[in-house]
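# Residue-level structural notes
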Amino acid sequence: MTVHITTPTPDQPAPASSVGVVGWLRKNLFSSIPNAIFTIIGILLIYKLVPPALNWAFITADWTGTTREACTSDGACWVFVGVRINQFLFGFYPASEYWRVVASFSLVGVLVAWLLIEQTPKKGLVAAFTVFCYPIIAYFLFYGGAFGLPVVETHKWGGLMLTLILATIGMFCALPIGIILALGRRSSMPIAKSISVIFIEFWRGVPLITVLFMSSVMLPIFMPETWHFDKLLRALIGIVFFQSAYMAEVVRGGLQAIPRGQYEAAEALGLSYWKTMTFIILPQALKLVIPGIVNTFIALFKDTTLVLIIGLFDLLAVVQAAFADPEWLGYSVEGYVFVASVYWVSCFSMSRYSQHLEKKLHTGHAR
Amino acid sequence: MSNTSKKQRWWNNAQYRSLFFQVLLVAMVAGFFWFIGSNTLHNLEKRGIATGFGFLSQKSGFGILQSLIPFSEADSFGRVFLVGLVNTLLVSVLGVIFATIIGFTMGVARLSNNWLIAKIATVYVETFRNIPLLLQIFFWYFAVLRTLPGPKQSWAAGEIAFLNIRGLYLPQPIFGDGFGYVTLAFVLAIIVTFIINRWANKRQQDTGQQFNIWGVAFGLIIIVPALVFFAVGAPLTWDMPALRGFNFQGGMTIIPELTALLTALSIYTATFIAEAVRSGILAVNSGQTEAASALGLHRSKVLKLVVIPQALRVIIPQLTSQYLNLVKNSSLATAIGYPDLVAVFAGTTLNQTGQAIEIIAMTMGVYLFISLTISAFMNWYNNKTMMVER
């Protein structure tokens, strides 16, 4: 007798060892003997490092209190950071004037958010306000001396506030100079080209520390005696020159990525060089290099810590100085972890934002 | 309309314009330098600072924590410059070596098919590259190495190596008579290996016969010098560090400043190298790997002959620029007092002599020279390995 099977046999389920948790483990962690060994080493490493670190930082840590006596457990003593948080944020800025710093940074935060969020209207107007009016407002808010605001000398500025000021002003001034230098480097005029190349290669070839040394030691020698530069301004001048060279290279990358046809089309329309650049080339090139600009900003943000070597009190320097307080000896790890997390959160979110932009802007222009 | 409007006016002529702009530019730059120059002369005269490099032969009068070449307080500022330069080169070379090893390991690990290893490598890269280098140097120096125990409570590895707040103490090799022959044998072995390698490559190109170079290389480079070493009577002794009184005597000391700087530089730069390696490997089209496998090449051959040469084309330029950054970043040494070029020359020497212009110019000159040399090398390499498109 023959058996006729009219319905197809149902598919066998995949073997238990290749689906679900077990399958995932086999595929991703134990696919071969060396891999299994690596996995075990990795697990051991995590077991040795992560629980003690979490335990130190959160579980056995002391959070509240105002004196050293509040730190009784074995864990981290965040009281140290809490007690000095104002100094870490504002340096030696007078406490009664903190609102000025907060107002200034909030305003720029709102403006930048307005420009970055896509749906907001009147971007041109806001951009113009940010570029031309905001610096003046910020100057009077930070420094004072008008509208009844008392003057706060720059040597009282410090902490996170100084770090942000150095990074944003450095960036803000370096961008236009960088664009000019990049255009110069790609110019057909031999002298303009060689001056740009020499300028860019010089600043890119030397470490930022020597630039800061140079601006703090040599600027007073180079300038007429009657001109007075305070320490902050000297550091800023060095940072701007240094940063503009890096910015120029980023912008040059964008200029090179624009197809020749764009230049030729603009020329065929009879546009002058500056009109070609302002209306055709730079809008496309700058859009392409926004991720690159964000990356140089991240680098600058981290590099501002170097100003502590020439005696300015940025975030790291203020925290470093706080370790010397005899009341709070021995809490350097807490201080460093605090500074590191501030930098880490800022830099990591900016780099994620830049990657997101890179994906969004990758519209086919880039070659 | 008048006649003149049709004729091109001279100021609209592109050639005249560019000439005019360039003359203006030269005049501005010259004017700027004249302004700086005259101010400088005036200010220097007023402050009574003599110019010139005469100070280089003056007696320095201060000691330096670490120097690879003999140095004492009686030596000149010129010698200080040399000591600083050698220290900078030392930390840079060691940093490049460690950063490359860690960076390549982590870059490959990020692409590993082991999920856990890839994640650990990602966490490492994302953590350390987003924290300022100076902070990392401070952390290793002040929070780790400065909290080590004193000499009497040193951490010891057997009776050989000791770690305490003053540094890492290791045995120092003392080369006796005849050790030169061992070095000579080693160098000769390397040269011979190179020659055999070229011959083997040529023979493979001509006849297709392969030659296992690794066995020969091992024999030549390891065994031959070892035989020479024992033939001349093993002329090598070790000077062991030992606790005498309050401190260790003898052996070789690695100062904590060097350890902190080197650790931070290597860990920080390695994150960028890891990214370069990863992007290089990802840049190799998967079609290339598949085509190579389709040709029947073994997996190791696929890597060696197809993937790595193409990945290196992407990796090497980024790698060189990271090496350059490492050399420049080594100047952060001055923040923890490691006696590098910036610390001893642009720092101490500048304070003692006041010759700001000469000293800063010399310091910047050194870094510029290193940068330009490395970028010249990179351009040469790029041209050599550039893809020849058909």
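## A look at the packing of helix α2 (residues 77-110) of chain B against helix α10 (residues 341-353) of chain B
Residues and elements named next belong to chain B. Between α2 and α10, the shortest axis-to-axis distance is 7 Å and the interhelical angle comes to 160°. As judged from the angle between their axes, α2 and α10 are roughly antiparallel. Across the interface between the two elements, Phe-77, Val-80, Phe-81, Gly-84, Leu-85 and Thr-88 of α2 pack against Leu-341, Val-344, Phe-345, Thr-349, Gln-352 and Thr-353 of α10. For the contact of α2 with α10, the class distribution of residues is seven nonpolar, five polar and no charged.

## Things to note about the packing of helix α13 (residues 273-303) of chain A against helix α15 (residues 332-361) of chain A
All names here are of chain A. Viewed as axis vectors pointing N to C, α13 and α15 meet at an angle of 170°, and their least axial separation amounts to 8 Å. Relative to α15, the element α13 lies roughly antiparallel. Within the contact between the two elements, α13 uses Lys-287, Ile-290, Pro-291, Val-294, Asn-295, Phe-297, Ile-298, Phe-301 and Lys-302 and α15 uses Tyr-343, Ser-346, Cys-347, Met-350, Ser-351, Ser-354, Leu-357, Glu-358 and Leu-361.

## Quick notes on the domain arrangement of chain A
Here chain A is described as being made up of domain 1 (18-59) and domain 2 (79-93 + 152-361). The distance between the C-alpha centroids of domain 1 of chain A and domain 2 of chain A comes to 40 Å.

## Things to note about the interface of chain B and chain A
By a widely used convention, the size of an interface equals the accessible area lost when the partners come together. Between chain B and chain A, the contact holds 51 residues from the first and 54 residues from the second. Here chain B packs against chain A, burying approximately 4,700 Å² in sum over the two surfaces, 73% of which is carbon and sulfur. Taken together, chain B and chain A are joined by one salt bridge. The interface formed by chain B and chain A contains 14 residue pairs in polar contact (both at pLDDT 80 or more). Elements represented by at least two residues in the side of chain B that touches chain A include exactly α1 (14-47), α3 (115-129), α4 (133-144), α7 (256-283), α10 and α11 (356-385) of chain B. Counting residues per element, the side of chain B that touches chain A draws most heavily on α1 of chain B, at 15 residues. Taken together, the residues of the side of chain B that touches chain A sort by class into 32 nonpolar, 14 polar and five charged.

## Regarding the sheet that holds strand β3 (residues 167-170) of chain B
Neighbouring strands of a sheet are bound in pairs by backbone hydrogen bonds; such pairs are parallel or else antiparallel. All names here are of chain B. Across the sheet, four strands lie side by side as β1-β2-β3-β8; this open sheet has antiparallel pairing. The sheet is open, and its two borders are formed by β1 (155-157) and β8 (252-254), each paired with just one other strand. Within the sheet, the average angular offset between the axes of one strand and its neighbour, ignoring direction, is 20°. As defined by bridge partners, β3 adjoins β8 across three bridges and the pair is classed as antiparallel. Residue Leu-170 lies in a different strand from β8, and its bridge partner there is Met-252.

## Points about the packing of aromatic side chains
Residue and element names in this part refer to chain A. Under the definition given, this model contains 35 aromatic pairs over all chains. Between the aromatic rings of Trp-203 and Phe-241, the centroid separation amounts to 5.4 Å while the plane-to-plane angle is 10°, which identifies the pairing as stacked. A residue pair is termed long-range when its members are at least 10 positions apart, and Trp-203 in helix α8 (residues 190-205) and Phe-241 in helix α11 (residues 231-257) qualify at 38 residues. Judged by its relative accessible area of 8%, Trp-203 falls in the buried class. Take Phe-241: its relative accessible area is 31%, and that puts it in the partly exposed class.

## Quick word on α1 of chain B
All names here are of chain B. Here α1 contains 34 residues, and its C-alpha end-to-end distance of 49 Å stays within 8% of the 50 Å for a straight helix at 1.5 Å per residue. Those residues of α1 lying buried are Gln-22, Ile-36, Asn-39, Thr-40, Asn-43 and Leu-44. The positive-phi residue at the C-terminal boundary of α1 is Gly-48, with phi of around 70°.

Here is what the cut-offs are and how they apply
Residues numbered from 1 in each chain as written. Chains lettered and ligands numbered in written order. Predicted model: local features only at pLDDT ≥ 70, side-chain atom pairs only at ≥ 80, totals over all residues. Heavy atoms only, no water. Axes fitted to C-alpha atoms, helices over the stretch in contact; angles between N-to-C directions. Helix = DSSP H or I, 4+ residues; strand = E, 2+ residues; numbered from the N terminus. Parallel < 35°, antiparallel > 145°, perpendicular 65-115°, else oblique. Contact = heavy atoms within 4.5 Å. Nonpolar A, V, L, I, M, F, W, Y, C, P; charged D, E, K, R; others polar. Domains from an automatic or database assignment. Buried area = accessible area lost by both parts, 1.4 Å probe. Salt bridge = Lys/Arg side-chain N within 4 Å of Asp/Glu carboxyl O. Polar contact = N/O pair within 3.5 Å; in protein donor to acceptor, adjacent residues only side chain to side chain. Pairing = 2+ DSSP bridges. Phe/Tyr/Trp six-rings, centres within 6.5 Å; stacked < 30°, edge-to-face > 60°. Buried < 20%, exposed > 50% of the residue type's maximum accessible area, 1.4 Å probe, protein only. Expected span 1.5 Å × (residues − 1).

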